[in-house]
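Residues per chain, in single letters:
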Amino acid sequence: IITRALWDRVHAILRVSPRTRANRTRAGTPALLRGLIFTSTGRAMTPTHTRRHGKLYRYYVSQEVLKCSPNAASVGRVPAGEVEAVVVDQLRQMLRTPEIIVGTWRAARLEIEGLTESDVRVALDRLDPLWDELFPAEQARIVQLLVARVEVSRDGVDIRLRVDGIADLVRDLAERAPHTRKAA
């Protein structure tokens, strides 16, 4: 009924433990907001995906949907690409605001000798064009540095930043581009 080659491939897959296969699948599926995204009721949302006709569809699904019922959740599932784009866009906008720049400078200047407010502005400005060139794992690391929590409700998305994370990011960016720093 099926070819020997197909039979052998299927059995090779089945010989690998289900846990190992699941870990490989999760590692191959980017989830920028893993561990950060919650419903407005405080329930965690889990990254998941499905494939239809060879196309990958990614979602974040509420634990209420997974453990209770689809009707129990205030927000059942959200498209991963859309909510991730909203968070990244908001981060880009927030990192340009004078309040964030000054707050970051105040936090980072204690650890980086000679750091000026202008240095912080330049470092944060560098992130925007660099973002699309980063690997997904590096983008996720930056989001983990900057975001404390993302809450999704029917009314929208609430993003809470980590100010200390922004200072860490400025330090990383300053170390990668020492020519932008002024001599002390």
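Please refer to the structure placed before this passage.
Residues numbered from 1 in each chain as written. Predicted model: local features only at pLDDT ≥ 70, side-chain atom pairs only at ≥ 80, totals over all residues. Heavy atoms only, no water.

J.: I'd like a rundown of the pairing of strand β3 (residues 55-62), residues and numbers included.
T.: Relative to β3, strand β2 (residues 45-52) runs antiparallel, the two being bridged by 8 bridges. Residue pairing in the sheet places P47 in a bridge with Y60 of β3. Strand direction decides the pairing type here: β3 and strand β4 (residues 77-79), joined by 3 bridges, are antiparallel. Directly across from Y59, in β4, lies its bridge partner P79. (Pairing = 2+ DSSP bridges. Helix = DSSP H or I, 4+ residues; strand = E, 2+ residues; numbered from the N terminus.)

J.: How would you sum up the packing of aromatic side chains? Please name residues and give values.
T.: Counted according to the given criterion, the structure contains 0 aromatic pairs. The ring of W105 has R109 sitting right over it, with the charged end atom 4.5 Å from the ring centre. (Phe/Tyr/Trp six-rings, centres within 6.5 Å; stacked < 30°, edge-to-face > 60°. Lys NZ or Arg CZ within 6 Å of the ring centre and 35° of its normal.)

J.: Please provide a residue-by-residue account of a nonpolar patch on the surface, values included.
T.: A cluster of nonpolar side chains, contributed by I1, I2, L6, W7, V10 and L14, occupies part of the molecular surface with about 660 Å² of accessible area. By the secondary structure assignment, V10 is in helix α1 (residues 4-15). (Patch = residues over 30% accessible without salt bridge, like charges linked within 9 Å, V, L, I, M, F, W, Y side chains within 5 Å. Areas by Shrake-Rupley, 256 points an atom, 1.4 Å probe, with all protein chains shown as cover. Salt bridge = Lys/Arg side-chain N within 4 Å of Asp/Glu carboxyl O.)

J.: Lay out the nonpolar core with the relevant residues and their values.
T.: If you look at the biggest cluster of nonpolar residues, it comprises 41 residues, and the most contacted ones within it are L33, Y60 and V147. Those elements that place two or more of their residues in this core are α4 (80-94), α5 (98-108), α6 (117-131), α7 (136-146), β5 (147-153) and α8 (163-176). With 6 residues, α4 is the largest single contributor of residues to this core. (Core = buried A, V, L, I, M, F, W, Y, C linked by side-chain atoms within 4.5 Å. Buried < 20%, exposed > 50% of the residue type's maximum accessible area, 1.4 Å probe, protein only.)

J.: If you had to explain the sheet that holds strand β6 (residues 156-161) to someone new, which residues and values would you point to?
T.: Here 3 strands make up an open sheet; going across it, the order is β1-β5-β6 and the pairing mixed. The open sheet has two free edges, formed respectively by β1 (37-39) and β6, since each of these has just one partner strand. For this sheet the average axis-to-axis angle between neighbouring strands, irrespective of direction, equals 25°. Looking at chain direction, β1 and β5 are connected through 3 bridges and run parallel. In the strand pairing of β5, T39 is matched with V152. (Axes fitted to C-alpha atoms, helices over the stretch in contact; angles between N-to-C directions.)

J.: So what's going on with the pattern of salt bridges? Which residues, and what values?
T.: By the definition in use, this model includes 8 salt bridges. R4 is the partner of D8 in a salt bridge, and the nearest nitrogen-oxygen pair spans 3.4 Å. Here the residue D8 and the residue R4 both occupy positions in helix α1, the gap between them amounting to 4 residues, near one helical turn. Under the relative-accessibility criterion, R4 is labelled exposed at 59%. With a closest N to O distance of 2.9 Å, R149 and E151 form a salt bridge. Judged by relative accessible area, E151 falls into the buried class, the value being 17%. One connected set of salt bridges, linked through shared partners, spans R149, E151, D158 and R160.

J.: Just give me the short version of the side chain of Q63, but keep the residues and values in it.
T.: Considering the arrangement of structural elements, one finds Q63 in helix α3 (residues 63-67). At a separation of 2.3 Å, a polar atom in the side chain of Q63 contacts the side chain of T46. (Polar contact = N/O pair within 3.5 Å; in protein donor to acceptor, adjacent residues only side chain to side chain.)

J.: Tell me what's going on with the packing of α5 against α6, and back it up with residues and numbers.
T.: Remark: α5 packs on α6, axes separated minimally by 9 Å, with the N-to-C direction vectors making an angle of 115°. The two elements α5 and α6 meet at a crossing, and its hand is right-handed. Only E117, V120, R121 and L124 of α6 make contact with α5, whose side of the interface consists of I101, V102, T104 and W105. Its residues placed into classes, the contact of α5 with α6 shows 5 nonpolar, 1 polar and 2 charged. (Left-handed = near helix turned anticlockwise from the far one by under 90°. Contact = heavy atoms within 4.5 Å. Nonpolar A, V, L, I, M, F, W, Y, C, P; charged D, E, K, R; others polar.)

J.: Explain the sheet that holds β4 to me, using residue names and the numbers behind them.
T.: Read from one edge of the open sheet, 3 strands run β2-β3-β4, paired in antiparallel fashion. This sheet does not close on itself; its edge strands, each paired only once, are β2 and β4. Each adjacent strand pair in this sheet contributes to an overall mean axis angle of 30°, direction not counted. This element, α4, spans β3 and β4 of the sheet and lies at about 70° to β3.

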